Amino acid sequence: MMNKRMNKPILDVSGLTMDFGGIRALDHLDFDVQDKEIVALIGPNGAGKTTLFNCLTGIYRPSSGDIQLVCPETGEQTRLNDLKPNKITEKGMARTFQNIRLFSRMTVLENVMIGRHCRTRSLILGAILRDRRTREEEQETVNKSYEILEKIGLAGQVNEFAGNLSYGAQRRLEIGRALATEPFLLLLDEPAAGMNPQETAVLVALIRQIRDEGHAILLIEHDMKLVMTLSDRIVVMDYGEKIAQGTPAQIRTNREVIKAYLGEDVG
Amino acid sequence: MITVKGVTPIDGISAFRRLFSCKKNKKIICKALKRSLLVSLWFVFLTFPIMVIKVNPVERTVSWRWGNIFYVAIGSFVISLLAKAWLVRKERLAARQQAAACPARDSIIHDLLQRPGYRYPLIILFSGVALVFPHLFSTYQANIMTTALMYIVLGLGLNIVVGVAGLLDLGYVAFYAIGAYSYALLNLHFHLGFWAALPIGGLLAALFGVLLGFPVLRLRGDYLAIVTLGFGEIIRLILENWNAFSKGPSGISNIPRPGFFGVEMSLDQAMIYMYYLMIGLVILTIFVVNRLQHSRLGRAWLALREDEIACQAMGIDKTRIKLTAFALGAFWAGLIGVIFAAKTTFVNPASFTFMESAIILAIVVLGGMGSIVGVILGALILILLPEYLRALSEYRMLAFGAILVAMMIFKPEGLIAGVRRTYCFQGRKNAAALQDDE
Ligand SMILES: Nc1ncnc2c1ncn2[C@@H]1O[C@H](COP(=O)(O)OP(=O)(O)OP(=O)(O)O)[C@@H](O)[C@H]1O
Ligand SMILES: [Mg+2]
């Protein structure tokens, strides 16, 4: 099973380096994500995980290195380094943010509808004339967004302002919004942060469901229980470098990892 | 002055008695009192040179009006306290509302417009009044109303840029000027008529909107405001100084009024014709702007206003969305520019100062950013009030400042907050029913 997956990387990062002035936030990072797999990215605070996400999604321009995205269906390969964030999303990789970035004065449904923007076409004339194509497209946007809201359990709050949702619901809505862009790879930045155990359990089920529906997931998380139960593979970072990677069982016993987390040499 | 002095402190005291009823409030009140004291001292200091010292250059004497200090101190103290009390009250209300977890409440006007039982009668009533207005009142009144209608369209145009897309544009008057001068110049050189110049003026302004948009794509907030302000001034200075092109400060006169299939019209008739033309244009603008706001494009603008980074990460091309906002906002200013030139039959750069941009922005902010009904109300209030309260018109600038500051503090969402379209789903996912809005 694992071997079969290994043949099909959809995200391939090699030698990725990111410098902020004198600070090297990412240092020659290599890793990949296979189709339909859940990869967890862990590491102490300030290890550079969010910076990596920002480089992958075009918010930062990496200093050097190479990011390749391969569409699993068409096999089309794209170098992401110089693409704008919206182009990258269009290519099939969407993300959530560590510090929630919802459109808080728009409704829950509209937030998800925004995600459909890059999969729809209508423009100024369509908006003004509201011809049949535009109406159909709009109806489809509403329907698909509603389906996503049902999936993430927010169908009861479609007309609520996103800013008025509970914290856990906001995190799920961010996932829903990203799903609406029809990604084959979903990047989640600490999706369980600030959630209570019940909310986390719901989230775990949701992430599993998303994977089973055919999306690959790369997630940053500090909740080790979640990481160990959910992920197929784990990549560990510290000071911008990859210090280990492997299955949860391998990582649990890895010396380097324990050292990075406990800050000292154990045994 | 005397009445004000007599009334406000008493109001303040009664407000305080209410506040003091709870022990927890005492700390807040002490803090507020201290703050207000500081504020009043600061105001005394600031206004000292103008309020206290009075120099008589003829007699070469300086009189010291020490009494004024007390007025300033007491006035600013009371105003500061009242403002604080209002804010506290508002916070409590907001907290209570959140505790009750009630959904965002619509304003009364929106509520009325949403209900079909009221919506259509209201619309019919308004159109009825609009239709008979010039016949009920004098042409002079119709003329004032025409001006107000022009500002409604300008406000709705700027609302796209500032209210919906969240791009603070202080140079909006430039597009207005471009519209006006394109008609004036096209008519001067090529004898182009009003109806041909109207779309050209709009499109030219939209083009300039895109041209301005490019260099300011990366700017946000204050920086954007300053650059657009500069752009507005540049256009005005060009018109003022490039004599060969625009005839400089003396302007261009004898611009023909809009024609109506070659019918000869008296001045009064022309005014009334202009009025109906504006009514038509306002309806068209409302229709178009409403549809734009509730479209894929409109949602993208809103998202851009809310969070630029998230907006991009969700696959929205920021550049394109910003440029369309600038262009579509500028378009209406261009149209109204042409109409302005035709209405006054004369254009000169003095009509396109920063004051105009400020008024239009005030309309948008006062009315409610992103709300069409709000902008209409804002335009009617800000344009008609000074006309009917002649006494106030001298203090227009002051009133604007006061109104804007007060709005920012007490009701930052404007008189009427923009509402979002609501959807209702009857259980099954395919039964999505669209409800129309505004
Ligand atoms: N825009 C920036 N400018 C300068 N330094 C930055 C910038 N963004 C991140 N850094 C630095 O890069 C390092 C990595 O930060 P990053 O946010 O990626 O850590 P993280 O692994 O996501 O941590 P956490 O688990 O706390 O979210 C930090 O030292 C941070 O200060
Ligand atoms: Mg982080």
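Remember, predicted model here, so these are calculated numbers, not experimental data.

> Break down the pattern of salt bridges for me, with residues and values.
Residue and element names in this part refer to chain A. Applying the stated criterion to the full structure yields 27 salt bridges over all chains. Across the salt bridge formed by Glu140 and Lys144, the nearest N and O atoms sit 3.1 Å from each other. Taken together, the positions of Glu140 and Lys144, both in helix 6 (residues 132-151) and 4 residues apart, correspond to about one turn of that helix. Residue classification places Glu140 among the partly exposed residues on the basis of a relative accessible area of 38%. Salt-bridge contacts for Glu182 lead to Lys144; the nearest nitrogen and oxygen are separated by 3.9 Å. With Glu182 in the loop between helix 7 (167-179) and strand 7 (185-189) and Lys144 in helix 6, this pair connects stretches of sequence that are 38 residues apart.

> Explain the sheet that holds strand 6 (residues 93-95) of chain A to me, using residue names and the numbers behind them.
Residue and element names in this part refer to chain A. Here 6 strands make up an open sheet; going across it, the order is 6-7-8-3-9-10 and the pairing mixed. Whereas interior strands pair on both sides, the edge strands pair on one side only; in this sheet they are strand 6 and strand 10 (241-246). Taken over all neighbouring pairs, the strand axes of this sheet differ in orientation by 20° on average, direction set aside. Note: strand 3 (residues 38-42) against strand 8 (residues 216-220), 4 bridges, orientation parallel.

> Would you mind going over the site of ligand 1 in detail, with residue names and values included?
Residue and element names in this part refer to chain A. Taken together, the neighbourhood of ligand 1 is formed by 13 residues, with Asn45, Lys49, Thr50, Thr51 and His222 sitting nearest. Between ligand 1 and Thr50 there is a distance of 2.7 Å, counted from an oxygen atom to a side-chain nitrogen or oxygen. At 3.5 Å, a side-chain N or O of Glu190 approaches an oxygen atom of ligand 1. Here ligand 1 loses 65% of its free accessible area of 630 Å² to cover by the protein chains. By residue number, the principal contributor to the shell around ligand 1 is helix 2 (residues 49-56), which donates 3 residues. When grouped by side-chain class, the residues that make up the shell around ligand 1 number 4 nonpolar, 7 polar and 2 charged.

> Tell me about the interface of chain B and chain A, residues and numbers included.
Each partner contributes residues to the interface: chain B has 43 residues there, and chain A has 47 residues. In total, chain B and chain A occlude about 4,200 Å² of area from one another, counting both sides; carbon and sulfur atoms represent 58% of this. Along the contact surface separating chain B from chain A lie 3 salt bridges. One salt bridge connects Glu306 of chain B with Arg105 of chain A, and the closest N-O pair in it is separated by 3.0 Å. The interface formed by chain B and chain A contains 12 residue pairs in polar contact (both at pLDDT 80 or more). Secondary-structure elements contributing two or more residues to the side of chain B that touches chain A are helix 11 (267-293), helix 12 (296-306), helix 13 (308-313), helix 14 (318-344), strand 5 (423-425) and strand 6 (432-434) of chain B.

> Describe the domain arrangement of chain A, listing the residues and the values that go with them.
All names here are of chain A. Domains assigned within chain A are domain 1 (1-92 + 184-267) and domain 2 (102-182). Put simply, the middle of domain 1 and the middle of domain 2, counted by C-alpha atoms, are 26 Å apart. Listed by partner, the interface residues are 20 residues for domain 1 and 14 residues for domain 2. Summed over both partners, the interface of domain 1 with domain 2 buries about 1,300 Å², with 68% contributed by carbon and sulfur atoms. Remark: the boundary between domain 1 and domain 2 carries 4 residue pairs in polar contact (both at pLDDT 80 or more). Those elements that provide at least two residues to the side of domain 1 that touches domain 2 are helix 3 (85-91), strand 7 and helix 8 (197-212). With 6 residues, helix 8 is the single largest residue contributor to the side of domain 1 that touches domain 2. Class assignment of the residues belonging to the side of domain 1 that touches domain 2 gives a composition of 10 nonpolar, 5 polar and 5 charged.

> Please set out the side chain of Thr89 of chain A residue by residue, giving values where relevant.
Inspection of the secondary structure assignment puts Thr89 of chain A in helix 3. Note on Thr89 of chain A: relative accessible area 3%, which makes it buried. Among all residues touching Thr89 of chain A, those that are not within four sequence positions of it are Ala94, Arg119 and Thr181 of chain A together with Gln312, Ala313, Met314 and Gly315 of chain B.

> Which residues make up the coordination of the magnesium ion (ligand 2), and what values go with them?
Residue and element names in this part refer to chain A. The protein atoms that coordinate the magnesium ion (ligand 2) are Thr50 (OG1) and Gln98 (OE1), at distances spanning 1.8 to 2.1 Å. In this pair, Thr50 is assigned in helix 2 and Gln98 in the loop between strand 6 and helix 4 (108-115), connecting sequence segments 48 residues apart. Relative accessible area serves as the criterion here: at 27%, Thr50 is assigned to the partly exposed category. Owing to a relative accessible area of 32%, Gln98 belongs among the partly exposed residues under this scheme.

Rules and cut-offs
- Residues numbered from 1 in each chain as written.
- Chains lettered and ligands numbered in written order.
- Predicted model: local features only at pLDDT ≥ 70, side-chain atom pairs only at ≥ 80, totals over all residues.
- Heavy atoms only, no water.
- Salt bridge = Lys/Arg side-chain N within 4 Å of Asp/Glu carboxyl O.
- Helix = DSSP H or I, 4+ residues; strand = E, 2+ residues; numbered from the N terminus.
- Buried < 20%, exposed > 50% of the residue type's maximum accessible area, 1.4 Å probe, protein only.
- Pairing = 2+ DSSP bridges.
- Axes fitted to C-alpha atoms, helices over the stretch in contact; angles between N-to-C directions.
- Near = heavy atom within 4 Å.
- Polar contact = N/O pair within 3.5 Å; in protein donor to acceptor, adjacent residues only side chain to side chain.
- Areas by Shrake-Rupley, 256 points an atom, 1.4 Å probe, with all protein chains shown as cover.
- Nonpolar A, V, L, I, M, F, W, Y, C, P; charged D, E, K, R; others polar.
- Contact = heavy atoms within 4.5 Å.
- Buried area = accessible area lost by both parts, 1.4 Å probe.
- Domains from an automatic or database assignment.
- Donors = N, O, S within 2.8 Å, 3.2 Å for Na, K, Ca; no water.

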